[in-house]
Amino acid sequence: KPENLLYTTTDADAPLKLADFGLAQILKPHELMHSACGTPGYVAPEVLRNESTGYGKEVDMWSTGVIIYVLLCGFPPFYDEDNTRLFQAIQLGEYEYPSPYWDDVSSEATNLIDRILVLDPAHRLSATEALQHPWLTTDGSGNALPQVHKNMRAFNARRRMRGAMRVVQMANALRGFGGGGGLAAAVKRG
């Protein structure tokens, strides 16, 4: 997810690093994973299917497609507060490019996303194929990059706001817990 992409310094040409490998696993060729894991909005449809069939490294490309989408517009292609509905949308591959957020994004960029967010992992672009995509090999990708910083700030602001709303919900729920007094009283009561 975008929060796990970190620059080593604030320099314009700083190397990009990936962080948070809590559930990561190195797969051997033709090896499959079977556990359902990952951040809900970034999880590939095959992870949500029957665990007995397993899934491969193609799930990482799906997550990459979601990240590209977020970087270009500031919000994820699949979102719902209810994970059941979120997972249904992911399994159906239901996403859009709503105006005005996508009005200035090139057709090459949306084509790359469309070729990565493919339900069948056998037809999803590999990392090698994605790196050869015209949006990444021509100057067209540079047109979208100034928007990335603004979009990430908006994305993070929405994420923080949702977190704050969840704290308020929890505090309100705790008010009724054990005779009132709100969150502070509940914490004191242990």
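These numbers come from a predicted model, not from an experiment.

Moving on, we come to the overall build of the protein chain. Along the protein chain, the regular secondary structure elements total eight helices and two strands. Taken from N to C terminus, the helices and strands of the protein chain fall in the order β-β-α-α-α-α-α-α-α-α. Taken across its 190 residues, the protein chain has 32% of its residues classed as buried. Surface accessibility of the protein chain: about 12,200 Å² in total, with carbon and sulfur atoms responsible for 56%.

So, about helix H4 (residues 107–116). Regarding H4, the residues found buried are Ala109, Thr110, Leu112, Ile113 and Ile116. Along the axis of H4, the buried positions cluster into a sector of 155°, meaning they face one direction only. Residues of H4 that are buried make contact with helix H2 (58–73), helix H5 (127–131) and helix H6 (134–137).

Scanning the entire structure with this criterion turns up nine aromatic pairs. Seen from their ring centres, Phe75 and Tyr101 are 5.0 Å apart, and the 85° between their planes marks the pair as edge-to-face. Taken together, the residues span a long stretch of sequence, with Phe75 in the loop between H2 and helix H3 (83–92) and Tyr101 in the loop between H3 and H4 at a distance of 26 residues. Taking the relative accessible area as the measure of exposure, Phe75 reaches 17% and is therefore buried. Residue classification places Tyr101 among the partly exposed residues on the basis of a relative accessible area of 49%. Taking 5.7 Å as the distance between ring centres and 90° as the angle between the ring planes, the aromatic pair formed by Tyr95 and Tyr97 counts as edge-to-face. Here Tyr95 falls in the buried class, since its relative accessible area comes to 18%. Residue classification places Tyr97 among the partly exposed positions, given a relative accessible area of 27%. Connected via pairs of aromatic rings, a cluster forms that spans Trp62, Tyr69, Phe75, Phe78, Tyr95, Tyr97, Tyr101 and Trp102.

Another point: the confidence of the model for the protein chain. Residues with a pLDDT of 70 or more make up 56% of the protein chain, whose mean pLDDT is 74. Of all the helices and strands in the protein chain, helix H8 (residues 182–189) carries the lowest mean pLDDT, 44, while H4 carries the highest, 94. In the predicted structure, residues 178–190 sits below a pLDDT of 50 and forms 14 contacts with residues beyond four places in sequence or in another chain.

In this structure, Ser126 sits in the loop between H4 and H5. Taking relative accessible area as the criterion, Ser126 reaches 30% and is therefore assigned partly exposed.

Time to look at H2. Over its 16 residues, H2 runs 23 Å from end to end, which matches the ideal 22 Å to within 8%, given 1.5 Å per residue. What H2 keeps buried is the set Val59, Met61, Trp62, Gly65, Val66, Ile67, Ile68, Tyr69, Val70, Leu72 and Cys73. Just downstream of H2 lies Gly74, where phi reads positive at about 100°.

Moving on: the nonpolar core. Among the nonpolar cores identified, the biggest contains 30 residues, and Leu72, Phe78, Trp102 and Ile113 are the most heavily contacted of them. Elements with a minimum of two residues in this core: H2, H3 and H4. Examining the composition of this core, we find that 10 residues originate from one element, H2, more than from any other. Contact partners of Ile113, with chain neighbours within four places excluded, come to Gly65, Ile68, Tyr69, Leu72, Tyr95, Tyr97 and Trp102.

A separate point is the packing of H2 against H4. Relative orientation of the contacting elements H2 and H4 amounts to 150°, with a least axis distance of 8 Å. Here H2 is positioned roughly antiparallel relative to H4, judged by the angle of their axes. Where H2 crosses over H4, the handedness of that crossing is left-handed. Note on element contacts: H4 touches H2 through Ala109, Leu112, Ile113 and Ile116, opposite Met61, Trp62, Gly65, Ile68, Tyr69 and Leu72. Taken together, the residues of the contact of H2 with H4 sort by class into nine nonpolar, one polar and no charged.

Basis of the calculations
Residues numbered from 1 in each chain as written. Predicted model: local features only at pLDDT ≥ 70, side-chain atom pairs only at ≥ 80, totals over all residues. Heavy atoms only, no water. Helix = DSSP H or I, 4+ residues; strand = E, 2+ residues; numbered from the N terminus. Buried < 20%, exposed > 50% of the residue type's maximum accessible area, 1.4 Å probe, protein only. Areas by Shrake-Rupley, 256 points an atom, 1.4 Å probe, with all protein chains shown as cover. Arc of directions from axis to C-beta. Contact = heavy atoms within 4.5 Å. Phe/Tyr/Trp six-rings, centres within 6.5 Å; stacked < 30°, edge-to-face > 60°. pLDDT = per-residue confidence, 0-100. Expected span 1.5 Å × (residues − 1). Core = buried A, V, L, I, M, F, W, Y, C linked by side-chain atoms within 4.5 Å. Axes fitted to C-alpha atoms, helices over the stretch in contact; angles between N-to-C directions. Parallel < 35°, antiparallel > 145°, perpendicular 65-115°, else oblique. Left-handed = near helix turned anticlockwise from the far one by under 90°. Nonpolar A, V, L, I, M, F, W, Y, C, P; charged D, E, K, R; others polar.

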